[in-house]
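Each chain is listed here by its residues.
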Amino acid sequence: MSVEEAVIIDVVRTPSGRGKPGGALSGIHPVDLLGDLLAELVRRNDLDPGAIDDVIAGCVGQAGPQSFNIARNAVLAAGFPEHVPATTIDRQCGSSQQAAHFAAQAIMAGVQDVVIACGVESMSNVPLGSSTMGRDPYGERIAQRYPDGLVSQGVSAELIAQKYGFTRDDLDEFSARSHRLAAEATESGDFGRELVPVEAPDASGGTRIVDVDETVRPSTTVDGLAGLSPSFRTDALATRFPELDWKITPGNSSPLTDGASAALIMSASRAEQLGLTPRARFHAFAVTGSDPLYMLTGVMPATERILKQTRLNLDEIDAYEVNEAFAPVPMAWLREFGADPERLNADGGAIALGHPLGATGARLLGTLLARLERTGGRYGLQTMCEGGGMANATVIERLG
């Protein structure tokens with residue numbers, strides 16, 4: 001039995017909105033935010049939604065308006081036939097990247113032909129941490145295994161910055177670069193193919209069209225970032241980690257963000273039957289666990305694993321997307337692999353473009369694919385650190 005090839009037909013996303021009350025997308029219910037994007041994805045590809053075998057959505061804050069299987073609710077809101085199923089998954093920040101893996105793997109196994117992998121997060125409506133509601137998410141066994149206690153991702157970012165010797169200026173320079181590159185890509189129209197404008201309520205009670213990323217700040221400078229205070233230092237943490245000089249700020253971290261993304265993935269044979277032209281194929285997947293204290297370092301073993309699978313080296317990969325949850329993550333990845341910095345997050349990253357947790361993985365996929373198409377590159381790599389100490393990695397190959 002031959003393995004079916006899983007191909008990418010299209011990838012779309014909403015603009016990013018600031019994930020707080022008054023943000024550009026904060027007045028939109030997350031079900032509608034994702035549902036409208038799903039409807040646009042099938043419309044622009046002239047696809048009968050009844051042909052979709054499954055919809056897999058990533059969402060981290062599965063509480064309140066994002067609870068009760070938001071994927072299924074979004075499918076119904078999109079107007080898809082009731083027979084189209086959907087499920088919601090949580091691999092923390094890598095949720096929609098994992099959704100794409102599951103979609104492609106089902107197609108390659110020959111059990112499905114057309115799957116949408118997507119994600120959504122409305123951090124203005126479901127604030128970070130809402131799903132735990134102040135309760136212990138770990139339990140007794142984890143407390144016994146890690147008696148000193150686990151820490152937030154921000155503290156993990158501090159530990160990584162300290163381990164690699166990154167200064168505050170280093171972090172802020174990388175962050176200013178992210179905003180500069182994202183602003184340049186916006187000005188050049190480089191996000192045009194992936195970005196779907198959104199109609200959102202405005203302050204006057206009417207509506208307005210949101211068609212640019214609200215989180216990008218073109219005027220960002222290192223001097224301006226230098227005035228921000230560290231976000232994660234407390235007296236208790238300073239006592240526990242006396243070696244840290246606390247340099248992670250809102251300026252060198254990804255902002256709280258609202259947004260949605262979606263990828264249309266199908267078998268190469270079904271694409272041919274439907275007369276659709278594949279833009280890329282999935283070449284390889286990897287996922288790995290890592291130290292939950294240094295939880296953001298999983299991008300290194302995930303990259304090593306996928307390079308071993310593909311028998312490629314980084315010089316053969318034309319573009320890298322390493323999620324900018326915090327500046328030390330892609331910076332440490334770059335140092336570990338000695339990679340070409342010009343190929344890394346060349347259109348800016350999450351520090352500028354935002355990080356709507358469940359949606360970021362598919363957002364990276366669309367940005368990576370568009371980059372390969374503009375530059376004529378063949379292979380692209382995306383990798384994402386994830387809460388609890390995990391990481392996904394994906395290699396795609398541009399077609400045509």
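Up top is the structure.
Let me sum up the structure you'll find in this document. As the structure is a computational prediction, the values presented were derived from the model and not from experiment.

**Digging into the environment of Ala-286**
Assignment of secondary structure puts Ala-286 in strand E9 (residues 280–289). Classification of Ala-286 by relative accessible area gives buried; the value is 5%. As for Ala-286 and Ile-160, which are separated by 126 residues in sequence, their C-alpha atoms are 22 Å apart. Each residue touching Ala-286, except ones within four places of it in the same chain, is listed here: His-101, Ala-302, Arg-305, Ile-306, Gln-309, Ala-391, Asn-392 and Ala-393.

**Re the pattern of salt bridges**
This structure, assessed with the given rule, holds 20 salt bridges. Of the charged contacts in the structure, one is a salt bridge between Arg-374 and Asp-190, with a shortest N-O distance of 3.6 Å. On the criterion of sequence distance, the pair formed by Arg-374 in helix H13 (residues 360–375) and Asp-190 in the loop between helix H6 (168–188) and strand E6 (198–201) is long-range, its members being 184 residues apart. Residues Arg-233 and Asp-235 are paired through a salt bridge, measuring 3.4 Å at the closest nitrogen-oxygen approach. Overlapping salt bridges bring together Asp-10, Arg-44, Arg-193, Arg-279 and Glu-373 as one network.

**Concerning the environment of Arg-193**
Mapped onto the fold, Arg-193 is located in the loop between H6 and E6. Classification of Arg-193 as partly exposed rests on a relative accessible area of 47%. With 180 residues separating them in the primary sequence, Arg-193 and Arg-13 have C-alpha atoms 9.4 Å apart. Once residues lying within four places of it in the same chain are set aside, the contact partners of Arg-193 are Val-11, Arg-44, Arg-279 and Glu-373.

**Thoughts on helix H11 (residues 328–337)**
In terms of burial, H11 is a largely internal element, seven of the ten residues being buried. Looking at H11, one finds that the buried residues are Pro-328, Val-329, Pro-330, Met-331, Ala-332, Trp-333 and Leu-334. Within two residues after H11, Gly-338 carries a phi angle of roughly 55°, on the positive side.

**Quick notes on the nonpolar core**
Residues Leu-38, Ile-52, Val-55, Phe-80 and Ile-116 are the most contacted members of the largest nonpolar core, which totals 40 residues. The set of elements that each furnish at least two residues to this core consists of strand E1 (6–13), helix H1 (30–44), strand E3 (54–58), helix H2 (70–77), strand E5 (114–122), E6 and strand E8 (257–267). Broken down by element, this core gets its largest block of residues, seven residues, from H1. Residues in contact with Leu-38, not counting those within four places in the same chain, are Val-55, Ala-74, Val-75, Ala-78, Phe-80, Ile-116, Cys-118 and Ala-262. Met-295, Leu-314, Tyr-379 and Ala-393 belong to the second largest nonpolar core, which has 39 residues in total.

**Here's the deal with unusual backbone geometry**
Despite not being glycine, Arg-311 shows a phi value in the positive range, around 60°. Here Arg-311 lies in the loop between helix H10 (299–310) and strand E10 (319–322). Taking the relative accessible area as the measure of exposure, Arg-311 reaches 76% and is therefore exposed. If you check the backbone angles, Asn-345 has positive phi at about 45° while not being a glycine. Tracing the backbone through its elements, the reader meets Asn-345 in the loop between H11 and helix H12 (350–353).

**Side note on the side chain of Glu-158**
Structurally, the position occupied by Glu-158 is in helix H5 (residues 153–164). Among all residues touching Glu-158, those that are not within four sequence positions of it are Leu-244, Trp-246, Lys-247 and Ile-248.

Cut-offs and rules
- Residues numbered from 1 in each chain as written.
- Predicted model: local features only at pLDDT ≥ 70, side-chain atom pairs only at ≥ 80, totals over all residues.
- Heavy atoms only, no water.
- Helix = DSSP H or I, 4+ residues; strand = E, 2+ residues; numbered from the N terminus.
- Buried < 20%, exposed > 50% of the residue type's maximum accessible area, 1.4 Å probe, protein only.
- Contact = heavy atoms within 4.5 Å.
- Salt bridge = Lys/Arg side-chain N within 4 Å of Asp/Glu carboxyl O.
- Core = buried A, V, L, I, M, F, W, Y, C linked by side-chain atoms within 4.5 Å.

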